[in-house]
Amino acid sequence: MRKFLPLIVLLFTIQLQSQTFIKFNAATALVAIPNIGIETSIGEKTTVNLDAMASFWKSFNGHSPMEFYTFTAELRYHFKEKYNGFYVGGNAGPDIYKLQKWNYFDSNRYEHGYGYRLGVSVGYNIKLNDKFVLDIFAGGGWHQGFYHGKYNDGTPGRYDKAQNWNKSGEWLPYRGGVMISYKL
């Protein structure tokens, strides 16, 4: 029992100091794209945020696919105090998609593949009370995609001539919204 007492005290102390929030993005929910997350304290002014976003839309106009799934891990530094005021974060994560790229909106082409993102976010937390925080944020960075270029009008085959995977690297805005955060 003597060996376990320090471990129990340590775990209890860590639990008292930790602050964990579950989050839901109200802005993306307005367009039927759920974005949920969890953020927890890892230091005096640092937190780690993990979130997932998904668009289950097969198409938004009847022929152009808009289906994607993203997972993001972000390390955040809060300038004032955790969960109150401005912060900046560095993020990374994978994604899977079947969508039409911005420069193909007026064509019959779309991309089906996967990729990864590396970027930064800036945000502002508004503490509403002891349990609720609004997290207003935007972010972007480098996206590297690996995809097959396909036709959305029934034309067989691929439009790209790549042997295996076509590759595309772009600087993009890919995060943003208003997260409603609830302290557990």
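Note that the structure is a prediction, hence the values are computed from the model and not measured. (Residues numbered from 1 in each chain as written. Predicted model: local features only at pLDDT ≥ 70, side-chain atom pairs only at ≥ 80, totals over all residues. Heavy atoms only, no water.)

With respect to the nonpolar core
Right, on to step 1. Core analysis: the biggest nonpolar cluster contains eight residues, these being I33, M53, F68, Y97, L99, Y104, Y147 and Y159.
Right, on to step 2. In this structure Y97 touches E67, F68, E111, H112, G113, Y114, G115, H143, G145, F146 and Y147, once residues within four positions along its chain are discounted. (Core = buried A, V, L, I, M, F, W, Y, C linked by side-chain atoms within 4.5 Å. Buried < 20%, exposed > 50% of the residue type's maximum accessible area, 1.4 Å probe, protein only. Contact = heavy atoms within 4.5 Å.)

Looking at the sheet that holds strand β8 (residues 166-183)
Right, on to step 1. Around the barrel, eight strands lie side by side as β1-β2-β3-β4-β5-β6-β7-β8; this closed barrel has antiparallel pairing. Here the strands of the sheet are splayed against their neighbours by 25° on average, with no regard to which way each runs.
Right, on to step 2. Pairing of strand β6 (residues 109-127) with strand β7 (residues 132-151) involves 19 bridges; the strand directions are antiparallel. Across the sheet, V122 pairs through a bridge with A138, a residue of β7. (Pairing = 2+ DSSP bridges. Helix = DSSP H or I, 4+ residues; strand = E, 2+ residues; numbered from the N terminus. Axes fitted to C-alpha atoms, helices over the stretch in contact; angles between N-to-C directions.)

Let's talk about the pattern of salt bridges
Right, on to step 1. Per the counting criterion, the structure on display carries 11 salt bridges.
Right, on to step 2. Between E39 and R76 there is a salt bridge, with the nearest N and O atoms lying 3.1 Å from each other. Of this pair, E39 sits in strand β2 (residues 35-41) while R76 sits in strand β4 (residues 66-78), placing them 37 residues apart in sequence. The two residues E39 and R76 agree in class, both being buried.
Right, on to step 3. Here K58 makes a salt bridge to E67, at a shortest N to O gap of 3.2 Å. (Salt bridge = Lys/Arg side-chain N within 4 Å of Asp/Glu carboxyl O.)

Considering the environment of F146
Right, on to step 1. You can see F146 is positioned in strand β7.
Right, on to step 2. In this structure F146 comes out as buried when scored by relative accessible area, which is 19%.
Right, on to step 3. On a C-alpha basis, the gap between F146 and I96 in space is 9.6 Å, while along the polypeptide they are 50 residues apart.

Notes on the pairing of β4
Right, on to step 1. Where strand β3 (residues 46-55) lies against β4, 10 bridges are found, and the strand directions are antiparallel. Each residue of the ladder has a partner; that of M53, found in β4, is T70.
Right, on to step 2. Sheet analysis places β4 next to strand β5 (residues 85-99), joined by 11 bridges and oriented antiparallel. Across the sheet, residue E67 finds its bridge partner in β5, namely K98.
Right, on to step 3. Connecting β4 to the antiparallel partner β5 that follows it, the hairpin turn spans six residues, and Y83 within it adopts a positive phi of roughly 65°.

Things to note about the pairing of β3
Along any regular strand, the residues point their side chains to alternate faces of the sheet.
Right, on to step 1. Bridge analysis of β2 against β3 gives seven bridges, and the strand direction is antiparallel. The residue of β3 that forms the bridge with T40 is V48.
Right, on to step 2. Hairpin remark: β2 followed by β3, antiparallel, with four residues in the connecting loop.

Things to note about the side chain of D95
Right, on to step 1. Inspection of the secondary structure puts D95 in strand β5.
Right, on to step 2. Residue classification places D95 among the buried residues on the basis of a relative accessible area of 6%.
Right, on to step 3. Reaching out from D95, the side chain makes a polar contact with the side chain of R117 at a distance of 3.1 Å. (Polar contact = N/O pair within 3.5 Å; in protein donor to acceptor, adjacent residues only side chain to side chain.)

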